[in-house]
Amino acid sequence: MKKVEIYTDGACSGNPGKGGWGAVLVYKGIEKEISGAEAQTTNNRMELTAVIKALELLNEPCEVLLTTDSKYVCDAINQKWVYGWRKNSWKKADKKPALNVDLWEKLLELLERHSVEFVWVKGHNGHPYNERCDKLAVDAYNGI
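Conventions adopted
- Residues numbered from 1 in each chain as written.
- Predicted model: local features only at pLDDT ≥ 70, side-chain atom pairs only at ≥ 80, totals over all residues.
- Heavy atoms only, no water.
- 1 Å grid on protein atoms, 1.4 Å probe; cavity = no way out; pocket = protein on both sides within 12 Å on 5 of 7 lines; lining within 4 Å.
- Points joined across faces, edges and corners; volume = space filled by probe spheres on them.
- Helix = DSSP H or I, 4+ residues; strand = E, 2+ residues; numbered from the N terminus.
- Axes fitted to C-alpha atoms, helices over the stretch in contact; angles between N-to-C directions.
- Parallel < 35°, antiparallel > 145°, perpendicular 65-115°, else oblique.
- Left-handed = near helix turned anticlockwise from the far one by under 90°.
- Contact = heavy atoms within 4.5 Å.
- Nonpolar A, V, L, I, M, F, W, Y, C, P; charged D, E, K, R; others polar.
- Pairing = 2+ DSSP bridges.
- Phe/Tyr/Trp six-rings, centres within 6.5 Å; stacked < 30°, edge-to-face > 60°.
- Lys NZ or Arg CZ within 6 Å of the ring centre and 35° of its normal.
- Buried < 20%, exposed > 50% of the residue type's maximum accessible area, 1.4 Å probe, protein only.
- Core = buried A, V, L, I, M, F, W, Y, C linked by side-chain atoms within 4.5 Å.

1. Re the layout of surface pockets
Next up, step 1: The computed volume of the largest pocket comes to approximately 270 Å³.
Next up, step 2: Val-4, Leu-25, Tyr-27, Leu-57 and Leu-58 are the residues nearest the centre of the largest pocket, which is lined by 13 residues in total.
Next up, step 3: Every element with two or more residues in the lining of the largest pocket is listed here: β1 (2-14), β2 (17-27) and β3 (30-41).

Next up, the structure:
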């Protein structure tokens, strides 16, 4: 399988409010930037959207190292919470409904296709790709 590095971030002006997402994909030293925005959304939706849009660009199954500053995304996958939510009809351990089910379903489908390792990095802490993704996300929502 091809090995790809993906860096993602989501941002919101207000939460909810207008939001954007950004991602940088790196394969054999070649970088591709993508971004987008929504007029009314949440930060967590933008974090998930960045991951989904980046993985959707991969034309074949890949081995992916995905770096994000979203504890929401990382913990839900790495701690396997999302699989429990799905198994329990999208209810969390506290019996409250899970949020962003539409996006989690898309992401889980993509995770069946690709081998993805999720790595958390502290946001706004000087990580070059994280800072770049944040700028992509903010520029995207400032453009709407």
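2. Overview of the packing of helix α2 (residues 71-78) against helix α4 (residues 101-113)
Next up, step 1: Running from N to C, α2 and α4 point in directions that differ by 55 degrees, and their axes come no closer than 13 Å. In this view, α2 runs oblique relative to α4, as classed from their interaxial angle. Classified by chirality, the crossing of α4 by α2 is right-handed. Packed against α2, whose contacting residues are Tyr-72, Val-73, Ala-76 and Ile-77, the element α4 presents Trp-104, Leu-107 and Leu-111 at the interface.
Next up, step 2: For the contact of α2 with α4, the per-class residue count stands at seven nonpolar, no polar and no charged.

3. Considering the sheet that holds strand β4 (residues 62-68)
Next up, step 1: Read from one edge of the open sheet, five strands run β3-β2-β1-β4-β5, paired in mixed fashion. Two strands in the sheet have a free side with no partner beyond their single neighbour: β3 and β5 (115-120). Geometrically, the sheet is characterised by an average inter-axis angle of 20 degrees between neighbouring strands, direction not taken into account.
Next up, step 2: Bridge analysis of β1 against β4 gives seven bridges, and the strand direction is parallel. Residue pairing in the sheet places Tyr-7 in a bridge with Thr-67 of β4.
Next up, step 3: Strands in contact with helix α1 (residues 43-56) are β1, β2, β3, β4 and β5; relative to β1, the strand with the most contacts, it is inclined by about 155 degrees.
Next up, step 4: Along the sheet face, helix α5 (residues 128-142) touches β1, β2 and β3 and points at about 140 degrees away from the line of β2.

4. Remarks on the packing of aromatic side chains
Next up, step 1: Counting across every chain of the model gives three aromatic pairs.
Next up, step 2: Cation over ring: Lys-71 sits above Trp-120, and NZ or CZ is 4.8 Å from the ring centre.

5. Notes on the pairing of β4
Next up, step 1: Here β4 lies mainly inside the structure; five of its seven residues are buried.
Next up, step 2: Alignment of β4 against β5, held across six bridges, turns out to be parallel. Bridge assignment links Val-64 to a residue of β5, and that residue is Val-116.

6. Examining the nonpolar core
Next up, step 1: Among the nonpolar cores identified, the biggest contains 33 residues, and Ile-6, Leu-55, Leu-58, Val-82, Trp-104, Leu-107 and Phe-118 are the most heavily contacted of them.
Next up, step 2: Residue assignment for this core shows that the elements contributing at least two residues are β1, β2, α1, β4, α2, α3 (81-87) and α4.
Next up, step 3: The element best represented in this core is α1, accounting for seven residues.
Next up, step 4: When neighbours within four sequence positions are excluded, Leu-58 is seen to be in contact with Val-4, Ile-6, Leu-25, Val-64, Arg-113 and His-114.
Next up, step 5: Counting residues in hydrophobic clusters, the runner-up holds six residues, among them Tyr-7, Val-24, Val-26 and Leu-136.

7. Remarks on α2
Next up, step 1: Within the span of α2, buried status applies to Val-73, Cys-74, Asp-75, Ala-76 and Ile-77.
Next up, step 2: In this fold, the buried residues of α2 make contact with α1, β4, α3, α4 and β5.

8. Points about the environment of Tyr-83
Next up, step 1: As for its placement among the helices and strands, Tyr-83 is situated in helix α3.
Next up, step 2: Put simply, Tyr-83 and Trp-120 are 37 residues apart on the chain and 19 Å apart in space, counted from C-alpha to C-alpha.
Next up, step 3: With sequence-adjacent residues up to four places away left out, Tyr-83 is seen in contact with Ile-77, Leu-108 and Leu-111.

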